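Read off the chains here:
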Amino acid sequence: MNTSDLQQEKALLLQCRSGFESDCAAEIQDRAGRLGIAGYCRAQPGDAHVLFQAYEPEAATRLMAELDFRELIFARQWFVVLAELRELPVSDRAGPVAAAFPLRRARELSLEYPDTNEGKALSAFCRKFSRPLENALTQRGLKLGHPAEPRLHVFFLDSSHAFVGLSDPANSAAWPLGIPRLRMPRQAPSRSTLKLEEALLLFLDEEERDRRLKPGLSAIDLGASPGGWTWQLARRGLRVTAVDNGPMSEEVMATGMVEHLRADGFTYRPEKMVDWLVCDMVEQPSRIAGLMADYLAEGYCREAVFNLKLPMKKRYQAVQDALHLIDRRLRRSGLDFTLACKQLYHDREEVTVHLRRL
Ligand SMILES: C[S@@+](CC[C@H](N)C(=O)[O-])C[C@H]1O[C@@H](n2cnc3c(N)ncnc32)[C@H](O)[C@@H]1O
């Protein structure tokens, strides 16, 4: 990439799940295009990142200012690229990296690498590099620890090749690499419990979690077996109706908060409105989207978290189609609602959606 293009803030680096580069690229091109920002993407399958290259100076900075990061489905983290540094000298890698930041103050430093097997091999290197880099930044007069200032990113492809850039902490992922490190709870019966835990962390803030996920509230879990998602709700004191022909784990049933119904998740309906609906059934995205929209439109639940399992190809389009279906259906019914969608770190070939009646 041409150095002057980078200095003119034309490029945006987006991190994503490995294998979803073309979806991340399709999405940023679509969103940029709708804002009148033309550009193209450099994206290789398996690289776990995408470089969006715009044609106009400062287009990447404008894109970051005008797009809400929470609305991007496939991007885990992003930053405006200031420089691509190749052949960093082994004797002083920190000097050229520090010199690439034209700032006096920043919030924090994030040393990153692609979320791939090769990338993970750089995590120890990044940990070791942070002290020398902080020292080099201090020497250049750049002070960290200013909460309202940008976050500095150094994204290593290998130990001598890195992209350097800036993000707005208020409009980017809070976690390094966009990855929340969650501990697998011992009592939960399946790893997919972490998907719902991450979703609740991402889509609700602390105050909303305290208020909307508290003892005495009710929930339905469609496709609940063996109970990882049900467990997340039961442990917060919600009464859960777990719908699945498969078995529920003994630990989950032992919470005393769960009623297990062996029924079809597509035909089951509760007798009265519940606070939460969660759904992890493996089905066509359009079928799940239609079911979720019905639950909200017909007053069976206040809010929902569900997964859309994605096809092998054109996944961005499949997600868009499912979200449009929900949007159309709920607008027709005159309901005010919020709709958010993200591919979570704990998601695989799927995305997670949060839908809520206002
Ligand atoms: C990915 S698993 C759910 C895992 C669960 N969320 C957990 O954390 O343990 C999908 C479940 O959906 C159930 N399922 C699929 N189609 C269903 C349907 N039509 N009605 C009810 N359950 C269904 C399957 O039996 C399976 O147990």
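Caption draft 1: Representation of the side chain of glutamate 197. Within the fold, glutamate 197 resides in helix H7 (residues 193-203). Buried charged residue glutamate 197 carries no salt bridge. Nearest counter-charge: arginine 235, at 4.4 Å. Non-local contacts of glutamate 197, meaning those with residues more than four positions away in its chain, are made with Leu182, Arg183, Pro185, Gln232 and Arg235.

Caption draft 2: Region of the structure containing the sheet that holds strand E8 (residues 218-222). Pairing is mixed across the open sheet formed by 7 strands, whose spatial order is E10-E9-E8-E11-E12-E14-E13. Among the strands making up the open sheet, the edge pair consists of strand E10 (258-261) and strand E13 (337-342). Here the strands of the sheet are splayed against their neighbours by 15 degrees on average, with no regard to which way each runs. Across 5 bridges, the pairing between E8 and strand E9 (residues 239-243) is parallel. By the bridge assignment, serine 218 is partnered in E9 with arginine 239. Across the sheet, helix H11 (residues 285-297) is in contact with E8, strand E11 (274-279), strand E12 (301-309) and strand E14 (350-357); its angle to E12 comes to roughly 180 degrees.

Caption draft 3: Broad picture of the nonpolar core. Core analysis: the biggest nonpolar cluster contains 58 residues, and Leu12, Leu14, Phe52, Phe74, Leu222, Met292 and Phe306 have the highest contact counts within it. Here the element with the most residues in this core is H11; it accounts for 7 residues. When residues of this core are sorted by domain, at least three fall in each of domain 1 (3-174) and domain 2 (193-357). When sequence neighbours within four positions are dropped, the list of residues in contact with leucine 14 reads Cys24, Ile28, Ala48, His49, Val50, Phe52, Leu72, Ala75, Gln77 and Trp78. The next biggest cluster of nonpolar side chains, apart from the first, holds 29 residues, and it includes Leu85, Ala94, Phe156 and Leu177.

Caption draft 4: How the structure looks around the domain arrangement of the chain. Domain assignment breaks the chain into domain 1 (3-174) and domain 2 (193-357). Each of domain 1 and domain 2 was reduced to a C-alpha centroid, and the two centroids are 33 Å apart. Between domain 1 and domain 2, roughly 1,300 Å² of surface is buried when both sides are summed, and carbon and sulfur atoms account for 50% of that area. If you sort the residues of domain 1 by the area they bury against domain 2, Arg17, Phe20 and Ile73 come out on top, with a joint share of 46%. For the pair domain 1 and domain 2, the interface holds 1 salt bridge. Arginine 315 is the partner of aspartate 23 in a salt bridge, and the nearest nitrogen-oxygen pair spans 2.8 Å. At the junction of domain 1 and domain 2, the tally comes to 9 residue pairs in polar contact (both at pLDDT 80 or more). Tallied by class, residues from the side of domain 1 that touches domain 2 come to 7 nonpolar, 1 polar and 9 charged.

Caption draft 5: Inspection of the sheet that holds strand E1 (residues 11-15) at higher detail. With mixed pairing, 7 strands are arranged side by side in an open sheet as E2-E3-E1-E4-E7-E6-E5. Of all strands in the sheet, those bounded by a partner on one side alone are strand E2 (39-43) and strand E5 (108-112). Here the strands of the sheet are splayed against their neighbours by 30 degrees on average, with no regard to which way each runs. By the bridge criterion, 5 bridges tie E2 to strand E3 (residues 49-54) in an arrangement that is antiparallel. Looking at the pairing, tyrosine 40 lines up with glutamine 53 of E3. Packing against the sheet, helix H3 (residues 59-66) makes contact with E1, E3, strand E4 (77-85) and strand E7 (161-167), and its axis sits at approximately 165 degrees to E4. On the sheet, helix H6 (residues 123-139) packs against E5 and strand E6 (151-158) and is oriented at approximately 145 degrees with respect to E5.

Caption draft 6: View of unusual backbone geometry. Cis geometry marks the peptide bond from serine 225 to proline 226; its omega dihedral reads 0 degrees. The backbone of leucine 177 sits at a positive phi, close to 65 degrees, despite the residue not being glycine. Assignment of secondary structure puts leucine 177 in the loop between E7 and H7. Since its relative accessible area comes to 6%, leucine 177 is described here as buried. In this model, lysine 314 sits at a positive phi of 50 degrees, which is unusual for a non-glycine residue. Looking at the secondary structure, you find lysine 314 in the loop between E12 and helix H12 (315-332). You can call lysine 314 exposed: its relative accessible area is 69%.

Cut-offs used in this document
Residues numbered from 1 in each chain as written. Predicted model: local features only at pLDDT ≥ 70, side-chain atom pairs only at ≥ 80, totals over all residues. Heavy atoms only, no water. Helix = DSSP H or I, 4+ residues; strand = E, 2+ residues; numbered from the N terminus. Buried < 20%, exposed > 50% of the residue type's maximum accessible area, 1.4 Å probe, protein only. Lys, Arg positive; Asp, Glu negative; His and termini not counted. Salt bridge = Lys/Arg side-chain N within 4 Å of Asp/Glu carboxyl O. Contact = heavy atoms within 4.5 Å. Pairing = 2+ DSSP bridges. Axes fitted to C-alpha atoms, helices over the stretch in contact; angles between N-to-C directions. Core = buried A, V, L, I, M, F, W, Y, C linked by side-chain atoms within 4.5 Å. Domains from an automatic or database assignment. Buried area = accessible area lost by both parts, 1.4 Å probe. Polar contact = N/O pair within 3.5 Å; in protein donor to acceptor, adjacent residues only side chain to side chain. Nonpolar A, V, L, I, M, F, W, Y, C, P; charged D, E, K, R; others polar.

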